[in-house]
Amino acid sequence: MPRHFRLVSNTNIYHIMLRGINKQKIFFDNSDRKKFLKTLILTKEKYNYKLYAYCLMDNHVHLLIGDSKHKISNIIQSIGITYALYFNKKYERVGHLFQNRYNSKCVENESYLLNVIRYIHRNPEKASMCLTQDYDWSSFNEYFCNSDFIDSEIILNLFDKDLFISKRKFKEFNLTYVEEYSDELEYEFINRFSDDEAKIIIKNELNISNLKEISSYNIKIRNQYIKAIKKLKGISKSQISRLLKLDRKIIERA
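Described in the following lines is the structure provided in the data block. (Residues numbered from 1 in each chain as written. Predicted model: local features only at pLDDT ≥ 70, side-chain atom pairs only at ≥ 80, totals over all residues. Heavy atoms only, no water.)

### Observations regarding the overall build of the protein chain
And step 1. When you go through the protein chain residue by residue, the secondary structure sums to ten helices and four strands.
And step 2. Seen in sequence order, the protein chain has helices and strands lined up from the N terminus as β-α-β-β-α-β-α-α-α-α-α-α-α-α.
And step 3. Going through the 254 residues of the protein chain one by one, you find that 44% of them count as buried.
And step 4. Put simply, 70% of the contacts in the protein chain that link residues at least 6 apart link residues at least 24 apart.
And step 5. In the form shown here, the protein chain has an accessible surface area of approximately 14400 Å², with 50% of it arising from carbon and sulfur atoms.
And step 6. Positive and negative charge centroids in the protein chain, built from 43 and 31 side chains respectively, lie 4 Å apart. (Helix = DSSP H or I, 4+ residues; strand = E, 2+ residues; numbered from the N terminus. Buried < 20%, exposed > 50% of the residue type's maximum accessible area, 1.4 Å probe, protein only. Contact = heavy atoms within 4.5 Å. Areas by Shrake-Rupley, 256 points an atom, 1.4 Å probe, with all protein chains shown as cover. Lys, Arg positive; Asp, Glu negative; His and termini not counted. Charge placed at Lys NZ, Arg CZ, Asp CG, Glu CD.)

Okay, structure coming up:
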């Protein structure tokens, strides 16, 4: 199957994920994580890009990059090759470290920008590792220590022009769970289905001919169907709400 051309962001901002091949670990200790951050520093100096957020997990990395030079492929290739050479030498291995193609999503509006930063920072908490503010390997705390590594000014200015107030609001926003954005599928790298595709998949999986019938079932049976649908990858909660003609809160609570 031929590769699809990557989309170009109108804002020049990209949400990038690098994942270990076969989901294997890419960090075994803190020296590995320090090396990766050093690699980011070197590539920033070379390509002069903006780094708005990052999070290093055991087997993958999230980056939020601003690239006005249209060199995003070169940037990610440089990061991947440099770190893989270090990793392979240290652990005496050969072959690819990362999946062949990095995942990327274009960030096209302010709402997505702020919420994807929150999603990136909350990764450790989502994985039940620790609280967002206690994780040492994300950019969250760098927003409060005048770090010149993270390009925080443009993000903080979206909250308030007063730096003290903007940092407080940024912290509250990143640490607060908001039900409206609890459907994190939007920020994950999962192939999403159209409504027509989702209908076919749900009907086949649940062996039901009319999805609208689900809303007429008693609450216990209805919720069983909803829970089954929520387990299907690529179908979001907002999409389920549309297809079943049910309020989003009912989908959330089921």
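### As for the nonpolar core
And step 1. Within the largest apolar cluster, 49 residues are counted, with the highest numbers of intra-cluster contacts made by F36, L63, L64 and I76.
And step 2. Of all the elements in the fold, those that place two or more residues in this core are β1 (13-19), α1 (30-47), β2 (50-56), β3 (60-66), α2 (72-90), α3 (110-121) and α5 (153-156).
And step 3. With seven residues, the top contributor of residues to this core is α2.
And step 4. Core analysis: the next-biggest nonpolar cluster, separate from the first, contains 16 residues, A198, I208, I214 and I251 among them. (Core = buried A, V, L, I, M, F, W, Y, C linked by side-chain atoms within 4.5 Å.)

### What to know about the sheet that holds β1
And step 1. Spatially, four strands are ordered β2-β3-β1-β4 in an open sheet, and the strand pairing comes out antiparallel. Each edge of the open sheet carries a strand with a single partner, namely β2 and β4 (103-106). The mean angle between the axes of side-by-side strands here comes to 15°, regardless of whether they run parallel or antiparallel.
And step 2. As defined by bridge partners, β1 adjoins β4 across four bridges and the pair is classed as antiparallel. For I16, the partnering residue across the bridge sits in β4 and is S104. (Pairing = 2+ DSSP bridges. Axes fitted to C-alpha atoms, helices over the stretch in contact; angles between N-to-C directions.)

### Focus on the pattern of salt bridges
And step 1. Under the defined criterion, the tally for this structure stands at eight salt bridges.
And step 2. Its salt-bridge partner being R242, residue D195 comes within 2.8 Å of it at the nearest N-O pair. Note that D195 is positioned in helix α7 (residues 195-206) and R242 in helix α9 (residues 237-244), a separation of 47 residues in sequence.
And step 3. A relative accessible area of 27% places D195 in the partly exposed class. (Salt bridge = Lys/Arg side-chain N within 4 Å of Asp/Glu carboxyl O.)

### Some words on the environment of N174
And step 1. Inspection of the secondary structure puts N174 in helix α6 (residues 163-175).
And step 2. By relative accessible area, which is 0% here, N174 ends up buried.
And step 3. Between the C-alpha atoms of N174 and R118, which are 56 residues apart in sequence, the distance is 4.9 Å.
And step 4. Apart from the residues lying within four places of it in its own chain, the contact partners of N174 are I117, R118, H121, R122 and F140.
And step 5. At a separation of 2.9 Å, a polar atom in the side chain of N174 contacts the side chain of H121. (Polar contact = N/O pair within 3.5 Å; in protein donor to acceptor, adjacent residues only side chain to side chain.)

These figures capture arrangement, not role.
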